[in-house]
Structure formats: C-alpha cells, structure tokens
Amino acid sequence: MKRMYRAVFTIALAAVGASTASTYSLAQGTKDAAINAALNAAYNKYKDIQEGKNADYIPALAKVDPKIYGIALVTTDGKVYTVGDVKSEVSIQSISKPFTLAKVIEEQGPEVIEKTIGVDATGMRFNSIVSIEFSQKALGGPEMNSLVNPGAIATTSMLQGGTRGEIWRTLIGFYSDFAGRPLNVDEEVFKSEAETNQRNQAIGALMYAYGYIKNNPGQATDIYTEQCAVAVNAKDLAMMAATLANRGKNPATGKQVMTPQNVPYVLAVMATAGLYDDSGKWLYHTGLPAKSGVGGGLIAVSPGKFGIAVVSPPLDDAGNSVRAQKAIRDIVAQLHANPYDVASR
Ligand code: DON
C-alpha cells in the first residue's frame, strides 16, 4: 500500500478512535465517515456564532452575505468532502498572494524573493507602512515577505510578460490551473477596491521609492488589486490548497501546475506569515501553512495529505475569518493533521 494511503487511513483510524484494525481492513467508507464527521462537527459547532464583522474598508465587501459558510477538504488522491455552502463565491483577496509568489518563484527561482523582498514575518498588520520603514531603516535590508501588502505588490511587480494584458492572462490562467476550472474577476469588487485603495497606491509608491519595485508601481498595484478580486468558492480554494499539498499537481485534473521542488518555499512563507500578525498563534494551534483573505476565505495545507478551505466573511481584528479559523483548528485536531505531532505520521 502506498505511503499516502497509509497516512490517510491513519487519519481515519485516529478520528474514529479505532486502535486495533489493520490499515488493510479499513474500508474507504470508514475514511470517508471520519473526514465527514470532522467537517460536520466543526460546521455545526460554529454555524450560529455571531463574532466578527465583514471587511468594510473595501465597500463591496461590506455587502457580502455574512451567513455564507462552507467547508471543503480535498485529499491528494482527489476526493472532495464538503459541508455547508461551498458554491457561493467571495473574492479571493490575500489568498491570491501565495499563488502570485508561486508564479514568480516558477519564473525566477526562490533566491530572488529572499533577496529582494525577504521571507520573514513583519509581526505587523497586513497593510502596515511602518513595516516598510522598519524593514528598510532599522533592519537594513529586505526583512519582509510576499504575503503582506507591501511585499505582495512588489511580488506582483516581478511577474514576467510584455503588456499588462499578457501578465494578467498568464496569472489568472495559473490560478485557474490550481483551482481546476477557469476563474473570473468579480468586477464589482475590483472597481470598488480600485476606487478606494489609496493606501495600497501609497504603499506601491513607497516600495518603488525604496527600489523594491523597479518600475511602474501604479501597474503593479492595479494588477495586485485585480488578483485580489478573483471570485472563488470554498471548493475552489480547497482544490488550490490541495494542489500545493500534492507537490504542485492538481489532484482532480492531474495537471502539474508548478515545479514540485518550488512548493516548499511557498508553504514556508505561508507558515511564517499566512495570517499576518496572528501567524504565530495559528501555527501554535495547527502546525499548518495557511493563508487568509479579507473576503472571508482561509486555506490550510497538510503536505502529502489534503488541502482545506473555509469561507465565512466575518473577520476578527487581524483580518482573518473567525469561523474559518475555529473550524479548521478543530478539523486539524480531529484528523491529527498537525505535522509537529508525530502521532499524525
Ligand atoms: O489589499 C488589500 O487590502 C486587500 N485586497 C487584501 C487584504 C487581505 O485580504 C488581508 N487578509 N486577510
């Protein structure tokens, strides 16, 4: 039996509390039941909580139904498990950032990111301007990462392509390959953020002034804003996460979307900075690389096992979905998927 299957069966064993059955005697149905039980329990536990609030600094996000709540888990062998609303689309927002990072690493290799932007946590809010000054002056070099806005806009500026149109088509094609279906932009969200993103424009200009962005910061901020407006549902996000979990190969379409050896670099930055100033707290409880977005999505990656996503728009003060964090934390514990817990192997 392949190692991967053994690992998933171990998850099932732990989740159903079985201790004596051999992995061979466990049916697929038992594994399915264990995963579905974990998803259903987390869904029901947090369905009615009232904490958090939709993002409203992007006006279109304030109008999104705060009741949208769905959980999807996709295993590296392509099985999809869902509960709740996994069809309603929200904007991907910052969950786009690791995929743009992946694209730049694919095009230019991992060293360029480490040297020009950095791969360290800022410990500050996702749109902090102080973090740019601090990285520049106090730390004397690129001590940032591609998942906070300054580093993300700079990462987008590094995408290769002749025209803006070419860069965009390549980027959304790359995201779509991760999702396993053609993705589109929510034009209302794009317009709404483009009209109100003066802070990100200032961040782009400052990153240009300090030489992190080599040219055309306005275009970089514009493409960044469009990438944040890509519409996705919980299943899309789980498939994108599962593709990272599966060494860059989409488990549903079979397409090798990125080079397997480049995936760990993306996951490392997600582990370091995926939930911004709450990244440490997240890792403390789950041990998994993850990424949140102010649209209400959250993905987490269990390398070699599964990708999971929750969509629920109400956010906490750090800008992370309240229900999504709670639900994924519970599911990771239930499935013994924390890689720092050796029992999970
Ligand atoms: O740039 C922004 O502010 C948004 N387009 C994305 C921020 C975001 O998703 C932060 N996430 N938790």
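Quick caveat, the model's predicted, so the values are computed rather than measured.

Moving on, we get to the overall build of the protein. Looking only at helices and strands, one finds 15 helices and seven strands in the protein. Over its C-alpha atoms the protein spans a radius of gyration of 19 Å, differing by no more than 12% from the 20 Å that the globule rule assigns to 345 residues. Taking all 345 residues of the protein together, the buried fraction comes to 55%. Taking all contacts inside the protein whose residues are at least 6 apart in sequence as the whole, residues at least 24 apart take part in 70%. Per element, the accessible surface of the protein, about 13,900 Å² overall, is 52% carbon and sulfur. In the protein, which carries 33 positive and 31 negative side-chain charges, the distance between the mean positions of the two groups comes to 6 Å.

Moving on: the confidence of the model for the protein. Chain-level pLDDT for the protein is 91 on average; 91% of the residues reach the 70-or-more range. Ignoring residues within four places in sequence, the model shows residues 1-26, a span with pLDDT below 50, making 33 contacts including any to other chains.

Next up on the list: the pairing of strand E2 (residues 80-84). Pairing analysis gives five bridges linking strand E1 (residues 70-75) to E2, with the strands arranged antiparallel. In the sheet register, Val-74 faces E2, and the bridge partner there is Val-80. Here E1 folds back onto E2 in antiparallel fashion, the turn holding four residues, of which Gly-78 has a positive phi close to 90°.

Under the counting rule described, the total for this entry stands at six aromatic pairs. Both rings, one in Phe-99 and one in Tyr-175, keep their centres 6.4 Å apart while their planes meet at 70°; by these two values the pair is edge-to-face. With a gap of 76 residues between them, Phe-99 in helix H4 (residues 97-108) and Tyr-175 in helix H8 (residues 164-179) connect regions that are remote in the sequence. Judged by its relative accessible area of 0%, Phe-99 falls in the buried class.

Let us look at the sheet that holds strand E7 (residues 306-311). Spatial strand order, E2-E1-E7-E6-E5: five strands in an open sheet with antiparallel pairing. Among the strands making up the open sheet, the edge pair consists of E2 and strand E5 (290-292). With direction set aside, neighbouring strand axes in the sheet form an average angle of 10°. One ladder, built from six bridges, connects strand E6 (residues 297-302) with E7; its direction is antiparallel. Bridging across to E7, Val-301 finds its partner in Gly-307. Its contacts with the sheet put helix H12 (residues 234-245) on E1, E2, E6 and E7, and the angle it makes with E7 is roughly 155°.

It is worth spelling out the site of the ligand at this point. The environment of the ligand is made up of 14 residues, and the closest members are Tyr-57, Gln-93, Ser-94, Glu-193 and Tyr-224. Here an oxygen atom of the ligand and a side-chain polar atom of Tyr-224 are 2.6 Å apart. Relative to its free-state accessible area of 340 Å², the ligand is covered by the protein chains to the extent of 99%. Of the residues contributing to the shell around the ligand, the split by class is six nonpolar, seven polar and one charged.

With that out of the way, let us pick up the side chain of Ser-312. Mapped onto the elements of the fold, Ser-312 is located in the loop between E7 and helix H15 (322-334). A polar atom in the side chain of Ser-312 sits 3.0 Å from the side chain of Arg-323. Here Ser-312 is in contact with Ile-68, Tyr-69, Gly-296, Ser-321 and Arg-323, once residues within four sequence places are set aside.

This part covers the pattern of salt bridges. Side chains carrying opposite charge are able to pair once their charged atoms draw close together. Applying the stated rule across the entire model yields 15 salt bridges. We note a salt bridge from Asp-77 to Lys-31, for which the minimum N-O separation is 3.5 Å. Of this pair, Asp-77 sits in the loop between E1 and E2 while Lys-31 sits in helix H2 (residues 28-46), and the two are 46 residues apart along the sequence. We note a salt bridge from Lys-103 to Glu-107, for which the minimum N-O separation is 3.7 Å. Here Lys-103 pairs with Glu-107, and both are found in helix H4, just four residues apart, close to one helical turn. Using a relative accessible area of 14% as the deciding quantity, one classes Lys-103 as buried. Here the salt bridges share partners, and the residues they tie into one network are Glu-89, Arg-181 and Asp-236.

Turning to unusual backbone geometry, a few remarks are in order. In most cases, non-glycine residues show a negative phi, while peptide bonds are predominantly trans. Here Gln-93, not a glycine, exhibits a phi torsion of approximately 50°, which is positive. Note on placement: Gln-93 falls in the loop between strand E3 (90-91) and H4. For Gln-93, a relative accessible area of 2% translates into the label buried. Here Tyr-276, not a glycine, exhibits a phi torsion of approximately 60°, which is positive.

Turning our attention to the nonpolar core. Grouped together as the largest cluster of nonpolar side chains are 75 residues, with contacts concentrated most on Val-230, Leu-237 and Leu-244. Of the residues forming this core, the biggest block, nine residues, is contributed by H12. Residues within four places of Val-230 in sequence aside, it is in contact with Val-90, Ser-91, Ile-92, Trp-168, Ile-172, Tyr-175, Leu-183, Asn-184 and Val-185. Tyr-43, Ile-49, Ala-327 and Val-332 belong to the second largest nonpolar core, which has 29 residues in total.

What counts, and at which threshold
- Residues numbered from 1 in each chain as written.
- Predicted model: local features only at pLDDT ≥ 70, side-chain atom pairs only at ≥ 80, totals over all residues.
- Heavy atoms only, no water.
- Helix = DSSP H or I, 4+ residues; strand = E, 2+ residues; numbered from the N terminus.
- Rg over C-alpha atoms; globule rule 2.2 N^0.38 Å.
- Buried < 20%, exposed > 50% of the residue type's maximum accessible area, 1.4 Å probe, protein only.
- Contact = heavy atoms within 4.5 Å.
- Areas by Shrake-Rupley, 256 points an atom, 1.4 Å probe, with all protein chains shown as cover.
- Lys, Arg positive; Asp, Glu negative; His and termini not counted.
- Charge placed at Lys NZ, Arg CZ, Asp CG, Glu CD.
- pLDDT = per-residue confidence, 0-100.
- Pairing = 2+ DSSP bridges.
- Phe/Tyr/Trp six-rings, centres within 6.5 Å; stacked < 30°, edge-to-face > 60°.
- Axes fitted to C-alpha atoms, helices over the stretch in contact; angles between N-to-C directions.
- Near = heavy atom within 4 Å.
- Polar contact = N/O pair within 3.5 Å; in protein donor to acceptor, adjacent residues only side chain to side chain.
- Nonpolar A, V, L, I, M, F, W, Y, C, P; charged D, E, K, R; others polar.
- Salt bridge = Lys/Arg side-chain N within 4 Å of Asp/Glu carboxyl O.
- Core = buried A, V, L, I, M, F, W, Y, C linked by side-chain atoms within 4.5 Å.

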